Amino acid sequence: MQTTALTPYAHLPRAHHDRHVLTSTVDVFGVAHWLLAEHAPQPGGDARVFDALVVSVHPDGAVELTELRAVRARWPHLDRLPDGGFVVAASRARWYEDGNQVQLFDGLGQETSSFSVGDAIEHLLVDEAGLIWVGHFDENPSGIRRWSTTGHPTWASDSADIPGLFDCYALNVSGTTAWACTYTDFPLAEIRPNRREQPVRVWTNQIRGAKAVAVHGDQVAFYGGYGEEQDRLAHGKLTESSVEPADVGLLTLPDGTAPGRRRVVGRGSRIYVQAEPFTAWGMLDLSSWAHQRDAQAPGAPVLR
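Sequence positions are assigned chain by chain, starting from 1 and proceeding in written order. With the structure being a predicted model, the display of local features is reserved for residues of pLDDT at least 70 and the display and counting of side-chain atom pairs for 80 or more, all residues being used for whole-chain, interface and lining totals. Working from all heavy atoms in the structure, the side-chain values ignore hydrogens and water.

Colleague: Describe the overall build of the protein chain, and please don't skip the residues or the numbers.
Modeller: By definition, any uninterrupted DSSP run of H or I lasting at least four residues is a helix, any uninterrupted run of E lasting at least two residues is a strand, and each is numbered from the N terminus. A tally of helices and strands in the protein chain yields one helix and 25 strands. Relative to the globule expectation of 19 Å for 304 residues, the C-alpha radius of gyration of the protein chain, 19 Å, shows essentially globular dimensions. For the C-alpha atoms alone, the extent of the protein chain along its principal axes is close to 55 × 45 × 35 Å. Remark: exposure states derive from per-residue accessible area (1.4 Å probe, protein chains only) relative to the maximum for the residue type, with buried under 20%, exposed over 50%, and partly exposed in between. Each of the 304 residues in the protein chain was classed as buried or not, and the buried ones make up 54%. The contact criterion used is simple: two residues touch if any of their non-hydrogen atoms lie within 4.5 Å. At a minimum sequence separation of 6, the contacts of the protein chain that also span at least 24 residues come to 46%. For the area figures, the Shrake-Rupley method with a 1.4 Å probe applies, and any residue is considered shielded solely by the protein chains shown. Carbon and sulfur atoms provide 49% of the accessible area of the protein chain, an area that totals close to 13,900 Å². Taken as two groups, the 26 positive and 37 negative side-chain charges of the protein chain have centres that lie 1 Å from each other. Two things to know: the radius of gyration comes from C-alpha atoms, and the globule rule equals 2.2 Å times the number of residues to the power 0.38. Note on charges: Lys and Arg go in the positive column, Asp and Glu in the negative column, and His and the chain ends are not counted at all. One atom stands in for each charge, and that atom is NZ of Lys, CZ of Arg, CG of Asp or CD of Glu.

Listed below in structure tokens is the structure:
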């Protein structure tokens, strides 16, 4: 079985390793962000308001710091807005704090507005237009929705024919397009709300349980799965109506070890993976990986 190692992508500077990593992500422009707090959140009870630090590492290595004031989310999602601000959202929303679930901050770290997108957030990704894509897990039947920064829904999956959408396992947002792979049927769905004739296109898919997906032309890669397949990297090709499986291997950290607990983010042709202690991102780029894989002769060394 072929083994593919992630390419090192971005590291949290050591000067900030003494803080707790609440969450981390890679935005639509390829900038990595860490949301840091002085202490780890405590389970139970009401969430306490706290100040947090966002450390942003750009692709050229430049580091940017932003202090966020009065963050409320205990178990947050984070992404950056194109205007330089940030969105922070609580993954769980209780009815009496619903309107405070999503906080928007300006580039100076001051809250500018708040609203709710619903309980059970699995994925939250901002696109190049500044619209907020939210995929829910199975405790919220809303599926996938896109929101404006003023808290108005601009697209919802309940108007789309995505088979068996009970849990958004994988969500990839690049440009203004989203790709999703959802439980229970695990189709691959391309979502382009601005495409008038066919805003949603669906391919049937045999690969089950993937937590991240990347797409490049007619090539697609699925990462993750159930049980012993959590490190699986499956490659396929898009036909007219289905994903045709090509091969299956393993995806490792840059040093060749298994990731263990990890975060994943899908952005276009890229899958970003961050393993505990969540201070470094590795990257797989399908656009180059597929070319190398196809060019690799039988019996050649595995890709590293």
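Having seen it, we continue.
Colleague: Describe the state of the cysteines, and please don't skip the residues or the numbers.
Modeller: Count a disulfide wherever a pair of cysteine sulfur atoms falls within 2.5 Å. Going through the model one piece at a time under the given rule, you end up with zero disulfides. No disulfide involves Cys 168; its sulfur sits 8.8 Å from the nearest other cysteine sulfur, which is in Cys 181. In this structure Cys 168 comes out as buried when scored by relative accessible area, which is 0%.

Colleague: Which residues make up the nonpolar core, and what values go with them?
Modeller: Take the buried Ala, Val, Leu, Ile, Met, Phe, Trp, Tyr and Cys residues and link them wherever side-chain atoms come within 4.5 Å; each set so joined is a nonpolar core. Counting residues in each nonpolar core, the largest one holds 29 residues, and the members touching the most others are Trp 34, Leu 36, Trp 133, Ile 144, Leu 171, Ile 191 and Trp 281. Those elements giving two or more residues to this core turn out to be strand S3 (20–26), strand S4 (32–37), strand S5 (50–57), strand S15 (165–174), strand S16 (177–184), strand S17 (188–191) and strand S25 (280–285). Residues Ala 170, Phe 186, Val 220 and Val 243 belong to the second largest nonpolar core, which totals 16 residues.

Colleague: Give a detailed account of the packing of aromatic side chains, specifying residues and quantitative values.
Modeller: To pair, rings of Phe, Tyr and Trp, with the six-membered ring standing in for Trp, must have centres within 6.5 Å; the planes then decide the type, stacked if under 30 degrees apart, edge-to-face if over 60, and tilted in the middle. What the rule picks out here adds up to nine aromatic pairs. Note on Phe 115 and Trp 147: the rings are 6.5 Å apart at their centroids and 25° apart in plane angle, and the pair reads as stacked. On the criterion of sequence distance, the pair formed by Phe 115 in strand S10 (residues 111–115) and Trp 147 in strand S13 (residues 144–147) is long-range, its members being 32 residues apart. Geometrically, the ring pair formed by Tyr 169 and Phe 186 is edge-to-face, given 5.1 Å between the ring centres and 80° between the ring planes.

Colleague: So what about unusual backbone geometry? Which residues, and what values?
Modeller: As a rule of thumb, non-glycine residues mostly have phi less than zero, and peptide bonds are mostly trans rather than cis. Between Tyr 183 and Thr 184 the backbone carries a cis peptide bond, its omega angle lying at 25°. With respect to the helices and strands, Thr 184 occurs in strand S16. With an omega of 15°, the peptide bond between Glu 276 and Pro 277 qualifies as cis. Checked against the element boundaries, Pro 277 lands in the loop between strand S24 (270–275) and S25.

Colleague: Talk me through the pairing of strand S19 (residues 212–216); I want residue IDs and the actual numbers.
Modeller: Of all five residues making up S19, four are buried, and the element is well covered by its neighbours. Strands are treated as partners if at least two bridges between them are detected by DSSP. Inspection of the sheet shows S19 paired to strand S20 (residues 219–223) by five bridges, in the antiparallel sense. Among the inter-strand pairings, Val 213 is bridged to a residue of S20, identified as Phe 222. Between S19 and S20, which pair antiparallel one after the other, the connecting turn spans two residues, and Gly 217 there sits at a positive phi close to 60°.

Colleague: Describe the sheet that holds S13, listing the residues and the values that go with them.
Modeller: With antiparallel pairing, four strands are arranged side by side in an open sheet as S11-S12-S13-S14. Lying at the two open borders of the sheet, with one neighbouring strand each, are strand S11 (121–126) and strand S14 (153–156). When the angles between neighbouring strand axes are averaged without regard to direction, this sheet yields 20°. Strand direction decides the pairing type here: S13 and S14, joined by three bridges, are antiparallel. Counted as the bridge partner of Arg 145 is Ala 156 from S14. Axis lines are fitted through C-alpha atoms, for helices just across the contact stretch, and the angle between N-to-C directions can take any value from 0 to 180 degrees.

Colleague: Go over the sheet that holds S3 with me, naming the residues and quoting the values.
Modeller: Strand pairing in a sheet is mediated by backbone hydrogen bonds. Such pairs are either parallel or antiparallel. On the basis of which strands lie adjacent, the open sheet formed by four strands has the order S3-S4-S5-S6 and antiparallel pairing. On the outer flanks of this sheet lie S3 and strand S6 (63–71), each paired with one strand and no other. Put simply, the sheet's adjacent strands are angled 20° from each other on average, direction ignored. Bridge count between S3 and S4: six bridges; the pairing is antiparallel. Across the sheet, the residue bridging to Thr 23 is Leu 35, located in S4.

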